[in-house]
Amino acid sequence: MRLSLACLAALFAISSAHASAFIEPKLTIPPGTHHGPRVALTFDACTGQADERILSTLISNRVPATIFVTARWLAKNPAAIAELKAHPDLFEIENHGAKHLPAIDVPAKVYGIATAGSPEALRAEISGGASAVEKTFGVKPRWYRGATGLYNSSALALIQSMGYRTAGYSVIGDGGAAFSTAVTEKHIAAAKDGDVIIAHVNQPKRPAGAGVVQGILALKARGFRFVKLDDALGAEPPAPVLTH
């Protein structure tokens, strides 16, 4: 059975209530100050296909972004990989895990997705994603973002012990690609100087992708600059603010 976007949005809201016991790290970057406002665009490539509406907009407008990829997405999208490789100045590739499992080391479900469920499984999820990034792009990822963007405290400690920085965010752009075009555009276009935006680049058939494009272009028209996470935060970024 295929759910309508309205049903998906309702499910997102209901699931959010159940997920409230977990930690959603907030991350921002230093504001642009006298150089003008800036934001960091971050995209999750979870499973499924590449959204060429978004990728082509980023490339044609020379907008840099940080892309969090899973091993599963990499295995299915050779054409998109070639695009990303062709523009290393625009795209920072980071770790979204091997199988797209929430980074929670106890058994649970978040937004209907089973968590990693144990420290051993979480370690394998992180290592598997990192290995796929390194094998595909020849670079070792420095940031990790778990599926759903939610964690528990012991999982955050494990991620840090493995040498990764946890990629939080401050603006939810597309609601897991469940928002409408108009709502997604509004969320992204309303970003402020120093925000880290999360959206998705793996749902080419959903209306949210068009809103992502429109929101990016709206920010560009307002004079915003776009930066990758590593360019904005360097080797030692500030610790993310943890919110429940």
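See above for the structure.
All of these numbers come straight from a predicted model, not from anything done at the bench. (Residues numbered from 1 in each chain as written. Predicted model: local features only at pLDDT ≥ 70, side-chain atom pairs only at ≥ 80, totals over all residues. Heavy atoms only, no water.)

### As for the packing of helix H2 (residues 52–60) against helix H4 (residues 78–86)
Part 1 of the reasoning: Where H2 meets H4, the closest approach of the two axes is 11 Å, and the angle between their N-to-C directions is 15°. One finds that H2 runs roughly parallel with respect to H4. In terms of crossing hand, the pair formed by H2 and H4 is left-handed. Between H2 and H4, the residues in contact are Glu52, Leu55 and Ile59 and Ala80, Glu83 and Leu84, respectively.
Part 2 of the reasoning: Here the contact of H2 with H4 is composed, by residue class, of 4 nonpolar, no polar and 2 charged. (Axes fitted to C-alpha atoms, helices over the stretch in contact; angles between N-to-C directions. Helix = DSSP H or I, 4+ residues; strand = E, 2+ residues; numbered from the N terminus. Parallel < 35°, antiparallel > 145°, perpendicular 65-115°, else oblique. Left-handed = near helix turned anticlockwise from the far one by under 90°. Contact = heavy atoms within 4.5 Å. Nonpolar A, V, L, I, M, F, W, Y, C, P; charged D, E, K, R; others polar.)

### Describing unusual backbone geometry
Part 1 of the reasoning: Even without glycine at this site, Thr33 takes up a positive phi of about 50°.
Part 2 of the reasoning: Phi is positive for Thr148, close to 80°, though the residue is something other than glycine.
Part 3 of the reasoning: If you trace the backbone, Thr148 turns up in the loop between strand E7 (143–144) and helix H6 (153–161).
Part 4 of the reasoning: On the basis of relative accessible area, Thr148 is assigned to the buried category, the value being 17%. (Buried < 20%, exposed > 50% of the residue type's maximum accessible area, 1.4 Å probe, protein only.)

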